[in-house]
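Each chain, written out:
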Amino acid sequence: MSQTFRRPEGGRIKRNKPVAFRFDGRALTGYEGDTLASALLANGVHLVGRSFKYHRPRGILTAGAEEPNALVTVSRDAARSTPNLRATQVEIYEGMTAESQNRWPSLAFDASAVNDLLSPIFVSGFYYKTFMWPAKFWTSVYEPRIRAAAGLGKAPELPDPDRYQSRFAHCDVLVIGAGPAGLAAALAAMESGARVILCDEQAEMGGSLLSDPDVTIEGQSGRQWSTDVIMALALSDRVTCLTRTTAFGYFADNFVALAERITDHMATPPASSPRERLWQVRAKQVVIATGALERPLVFPENDRPGILFADAARTYLNRYGVMAGRKTVVATACDSAYLAALDLHRAGVEVPAILDIRREGGALTAAARAAGIRVETGATVTGTRGRLRVASVEFGHVQADGSVRHDAVLPCDSLLMSGGWTPTLHMFSQSRGKLRYEEVTGRYLPGRSAEHERSAGACNGTMALGAVLDEGYAAGENAARAAGLATRGTKTFAVAGATTPDGQVLGALPHDRNPGRVKAFVDFQHDVTAKDIKLAVREGFRSIEHVKRYTTTGMATDQGKTSNMNALAIAAGALDKPIPAVGLTTFRMPYTPTTFGIFANTSRGDLFDPVRRTSTHDWAAAAGAEFENVGMWKRAWYFPRQGESMHAAVDRECRTVRAAVGIFDASTLGKIEVVGPDAAEFMHRIYVNPFLKLEVGRCRYGIMCRDDGFVYDDGVVGRIAADRFHVTTTTGGAPRVLSHMEDYLQTEWTDLKVWLTSTTEQWAVIAVQGPKAREAIAPLIEGIDLSKAAMPHMSVRMGTILGVPCRLFRMSFTGELGFEINVPAAYGKAIWEAVHARVVALGGCPYGTEAMHVLRAEKGYIIVGQDTDGTVTPDEAGVGWAVGKSKPDFVGKRGLARADLLKPGRTQLVGLATVDPKVVLEEGAQITPDADPAPRTHAIGHVTSAYHSAVLGRSIALAMVERGRSRLGETLHVPMPGGAIAVTVVDPVFYDKEGGRLDP
Amino acid sequence: MLLITCPICGPRPEIEFRNMGEAHIARPTPEGTSDDDMAAFLYLRSNPKGLIAERWRHVHGCARFFNAVRHTVTDKFVTVYEVGAPKPDLAALAADLAADLAAREAGR
Ligand SMILES: [Zn+2]
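Just so it is clear, the structure is predicted and the values come from calculations on it, not from any experiment.

## Points about the coordination of the zinc ion
All names here are of chain B.
Point 1. Bound to the zinc ion on the protein side are Cys6 (SG), Cys9 (SG), His58 (ND1) and Cys62 (SG), at distances that span 2.0 to 2.3 Å.
Point 2. In the primary sequence, the donor residues of the zinc ion line up as C-x2-C-x48-H-x3-C. With Cys6 in strand β1 (residues 3–6) and Cys62 in the loop between β4 (51–57) and β5 (65–71), this residue pair connects regions lying 56 residues apart in the sequence.
Point 3. Look at Cys6 and you get buried, because its relative accessible area is 2%.
Point 4. Here Cys62 falls in the partly exposed class, since its relative accessible area comes to 25%.

## Section: the packing of helix α12 (residues 530–538) of chain A against helix α14 (residues 564–575) of chain A
Residues and elements named next belong to chain A.
Point 1. Across the interface, α12 lies against α14 with an axial gap of 9 Å and an inter-helix angle of 40°. Between α12 and α14, the angle is such that the two are oblique. Note that α12 runs across α14; the crossing there is right-handed. Of the residues in α14, those touching α12 at Ala530, Ile533, Lys534 and Val537 are Ala567, Ile570, Ala571, Ala574 and Leu575.
Point 2. Taken together, the residues of the contact of α12 with α14 sort by class into 8 nonpolar, no polar and 1 charged.

## Things to note about the packing of aromatic side chains
Point 1. Scanning all chains against the criterion turns up 21 aromatic pairs over all chains.
Point 2. When the ring of Tyr54 of chain A is compared with that of Phe521 of chain A, the centres are 6.4 Å apart and the planes differ by 65°; the resulting orientation is edge-to-face. Linking Tyr54 of chain A in the loop between β3 (47–50) and β4 (57–59) with Phe521 of chain A in strand β30 (residues 521–523), this pair joins segments that are 467 residues apart in sequence. Summarising the burial analysis for this pair, Tyr54 of chain A and Phe521 of chain A share the class buried.
Point 3. For the ring pair Phe17 of chain B and Phe66 of chain B, a centre distance of 5.9 Å and an interplane angle of 85° mean the geometry is edge-to-face. You can see Phe17 of chain B sitting in the loop between β2 (10–13) and β3 (18–22) and its partner Phe66 of chain B sitting in strand β5, a full 49 residues away along the chain.
Point 4. The exposure class assigned to Phe17 of chain B is buried, which follows from its relative accessible area of 8%.
Point 5. Looking at Phe66 of chain B, the relative accessible area reads 1%, which means it is buried.
Point 6. Site record: aromatic cluster; members linked through ring pairs are Tyr54, Phe521 and Phe524 of chain A.

## Side note on the interface of chain B and chain A
Point 1. The partner chain A presents 35 residues to the 28 residues of chain B that form the contact.
Point 2. Across the chain B-chain A interface, the total number found is 6 salt bridges.
Point 3. Between Asp35 of chain B and Arg894 of chain A there is a salt bridge whose closest N-O contact spans 2.6 Å.
Point 4. For the side of chain B that touches chain A, the elements supplying multiple residues, two or more each, are α1 (35–43), β4 and α2 (90–107) of chain B.
Point 5. Here the residues of the side of chain B that touches chain A sort into 15 nonpolar, 3 polar and 10 charged.

## What about the UniProt feature "domain: Aminomethyltransferase C-terminal" (unreviewed entry) in chain A?
Point 1. The UniProt record marks residues 908–992 of chain A with the feature "domain: Aminomethyltransferase C-terminal" (unreviewed entry), using the residue numbering of this structure.
Point 2. Across residues 908–992 of chain A one finds 0% helix and 44% strand; the C-alpha atoms that close the span lie 21 Å apart.

## Topic: the domain arrangement of chain A
Reports often express the size of an interface as the amount of accessible area lost when the parts come together.
Point 1. Its domain assignment divides chain A into domain 1 (14–123), domain 2 (164–292 + 423–496), domain 3 (295–361 + 375–421 + 502–582), domain 4 (615–630 + 641–668 + 761–849), domain 5 (670–759 + 867–897) and domain 6 (904–1000).
Point 2. Its C-alpha centre places domain 2 of chain A at a distance of 63 Å from the equivalent point of domain 4 of chain A.

## Notes on the side chain of Thr384 of chain A
Residues and elements named next belong to chain A.
Point 1. Its place among the elements puts Thr384 in strand β21 (residues 379–385).
Point 2. Within the structure, Thr384 has its side chain in polar contact with the backbone oxygen of Glu301 (distance 2.7 Å).
Point 3. A polar contact of 2.9 Å, which involves the side chain of Thr384, links it to the side chain of Arg304.

## Observations concerning the sheet that holds strand β33 (residues 626–630) of chain A
Residues and elements named next belong to chain A.
Point 1. Read across the sheet, 3 strands follow the order β32-β34-β33 without closing on themselves; strand pairing throughout is mixed. The open sheet is flanked by β32 (612–613) and β33, the only strands paired with a single partner.
Point 2. Bridge count for β33 against strand β34 (residues 633–638) is 5 bridges, and the pairing is antiparallel. Paired with Phe627 across the bridge in β34 is Ala636.
Point 3. Taken strand by strand, helix α23 (residues 849–858) contacts β33 and β34, and its axis lies near 70° from that of β34.

## Points about the UniProt feature "domain: GCVT N-terminal" (unreviewed entry) in chain A
Point 1. The feature "domain: GCVT N-terminal" (unreviewed entry), as given by UniProt, occupies residues 617–887 of chain A in the numbering adopted here.
Point 2. For the annotated span residues 617–887 of chain A, helix accounts for 27% and strand for 30% of the residues, and the straight-line distance between the end C-alpha atoms is 43 Å.

Quick notes on the rules
Residues numbered from 1 in each chain as written. Chains lettered and ligands numbered in written order. Predicted model: local features only at pLDDT ≥ 70, side-chain atom pairs only at ≥ 80, totals over all residues. Heavy atoms only, no water. Donors = N, O, S within 2.8 Å, 3.2 Å for Na, K, Ca; no water. Helix = DSSP H or I, 4+ residues; strand = E, 2+ residues; numbered from the N terminus. Buried < 20%, exposed > 50% of the residue type's maximum accessible area, 1.4 Å probe, protein only. Axes fitted to C-alpha atoms, helices over the stretch in contact; angles between N-to-C directions. Parallel < 35°, antiparallel > 145°, perpendicular 65-115°, else oblique. Left-handed = near helix turned anticlockwise from the far one by under 90°. Contact = heavy atoms within 4.5 Å. Nonpolar A, V, L, I, M, F, W, Y, C, P; charged D, E, K, R; others polar. Phe/Tyr/Trp six-rings, centres within 6.5 Å; stacked < 30°, edge-to-face > 60°. Salt bridge = Lys/Arg side-chain N within 4 Å of Asp/Glu carboxyl O. UniProt positions renumbered as here; feature names shortened; annotations may be inferred. Domains from an automatic or database assignment. Polar contact = N/O pair within 3.5 Å; in protein donor to acceptor, adjacent residues only side chain to side chain. Pairing = 2+ DSSP bridges.

As structure tokens, then:
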């Protein structure tokens, strides 16, 4: 059996290019140009899935993006497996492997179909009502089973091997949708000389014209007209035509996101090509031409395979040469289904009857009868039969009192339905435009705009082809004019052979069955029936947003494209309110499911975040350093020797610094050059410290607060010249400190003449610390007298090192004699290597950030952001001495004087010595007065830093403790899961309290 | 993504900017400011539904601070102006917006 439902001719598929593919392991063939859905239908396959809740057999319902049933997983290999694709949008390629979802063990026999028999218990809010007790069963029993049973395909567990790209684009006019309205709009915009982007989600542009054999435009067939227009657009160098490209998100100020699928339709994607491309388009003007979607009729058992939308069947016939069946009943409330019936009839398909719910029939009723088709008006489907595919249709006539009298059974193998058309408002609504409800036609339409866009064609409620083209052209012209281009005016298209799809019905249809026992589906993907929605209203839900969440209607991956209007009408009926009084749920992006890949794009792996490396990075890596991430920086953490543990390496590095000398890369410190005639005044105001009298060549440890008085950052500042300061900040604080400074400079002290420049990346900083630091650098430095008298502690000098200009700071973050050599970053590695050789010759070694932390903690030097947390004043952090109390103002002065900050009982920095010297406390651990505090007693502080100190031979810790400085000698406790740890409160300076080692 | 007009650089995408909080909140002098006034300066903001005058910074552009009036419901920027310029009459701007909206409604 091969493509027995394919007509011998017709359609736009390439019959000379057969394509072999597999569906659920079964080998099938189709043609190039087929979607998976059209190829399956050509092979007589309607059953493609099981429904979400009841596991009912489901077939292909639509021919487009709105498909709720035919969800498949397409796999190229273990890593390239995409679930939840709509078979109606998937193009087949040679060798494609597709699988149906949500069935076990097979489509034809699904063990969970018993849910359908149990359906009386699967009512609205079923999960909420049933799985309430016992609570622990939810996570251990219910949820895993529900999730396993209600699968929507499986995401692959391997990393995505494909590449995704991103492109920013600007245009005068973006046209979304390339059906008749969109093509006319793009044509008008192009003729005005506008830069145009035209996108369409399908493989081929043309929209409804591709499946309409009857219409002529300007004397040509509709298909030929569209082909010519597409050619003209494609040849214009001002127009970008994008097929397989879904506009999925409309953001503020005409920023529209497009997902272009580049290789998914290819049998062998070229390795050079990305799989998808994200287009981020900023359009001056937008034309929305997204068309309309057909709606199902809500009658009992409207969900069997073989039941599909009438216009979808027409598309399969005319575009793909595929018949949905051989004996096709048509049920409709809209004229467009007659077109499908007439085309099928002409193609030799038996059409037993058209059942038109409208009492008077429609515009084509007479034509259908003239063609020999039985038409029953005022008739509706009351039920269907057939196990895995529809086999017969029951119908009856609607009586004057609204009841239905059963008439007959019509055997068939397919049933088409049309409830009318819903304008596709997603893009307009996402743009925050206001919808309006048109009472006469029972439709929501675009109302007031929020962005520079206009809708044209069916998405704007215009259904007649001639009017669609005229409106599309006018929209394109209007958009070009609004974008500032000269235009030629509007245009009228001569159209013949078009039928306007008039007529519709909303909500559930009447029937003669027991309403408690039948299922008439509204939301096919989430298995929500008319009954469920009525029940939700009976249970007290009034807002459509609540009805939606309680019944889950419209919450599936199709976002209710085919179901929302029917659900709304049913809810409105049950509430006895007009539709607009019940409201419409929100349209959210993305329009159709969009891959995570396109969002992650190139931001993965090494490119997820920028990595900042210092100039000695490669040297440190070669030296065997382990690195730690500090913000975006990679910093050398410690330098283990062969077989050395981290603990041993850090101990050795600390001892070496204290005994001889160590070399440390401090380049990541933030650096800001503060320059200008008012530079000193600016520093004086922005820091808590006094700066006016700092001599040129001297340094000061600066503390910066916010106006609330809390410590914001710290760092050593050197005065390079009367009008120039070299400011250092914490590694993580550099950007915010610069922003903080700029804020006051630009908005508060506009009188000051100061220029701020970030120089973090410009200087490499090599710290040389230890008793032999001077000896280490002396032979390399030129032009600076390093003697104690000439270059005291906390001074800065300009000179050269190995001929390279440098700013040499004498300062210490270890408590030892120390220097920090600043050289232009490009020389960083060379100078490092030279200094390192000297250090090693003197028995020293390089040390990393871990040793740096231990060494500074031994001295009680704080790290802002570790020992402080944004609620700590300078005094509380133990650096109150830095505050220039006589200054009339500085940032934080008034904040520090607030009564609440002066109250006793606030925390203060102290040292903690564990009673057991081997125990190292956990940073962040709470501190209590009692070893076993009563429940709900509060902690009096927390541990901020804790290390093992090799030099002291014991653990050390810093902590913020309430009234800490008055507790020296007190025993406190650090409760931990294994029991409380007893600690003694001590001075935060553990090593060299007198400071003699700083200035030997 | 919003298009924000920097008074210096012109229209640029939102990601180049940083919101720096409400504008026209004067920094008190240390002398003669009560604790309550200081708390208001540090912590109290108007948070309106409607127009608000804000500080913005074109941080990934010219790096300049400027002020802007933005509608907190629609996110639309109504006007931008330089630091130091007087606060626009928000009520008058809101009335202009309402009149414009009414005109567009009538024009439909
Ligand atoms: Zn700017």
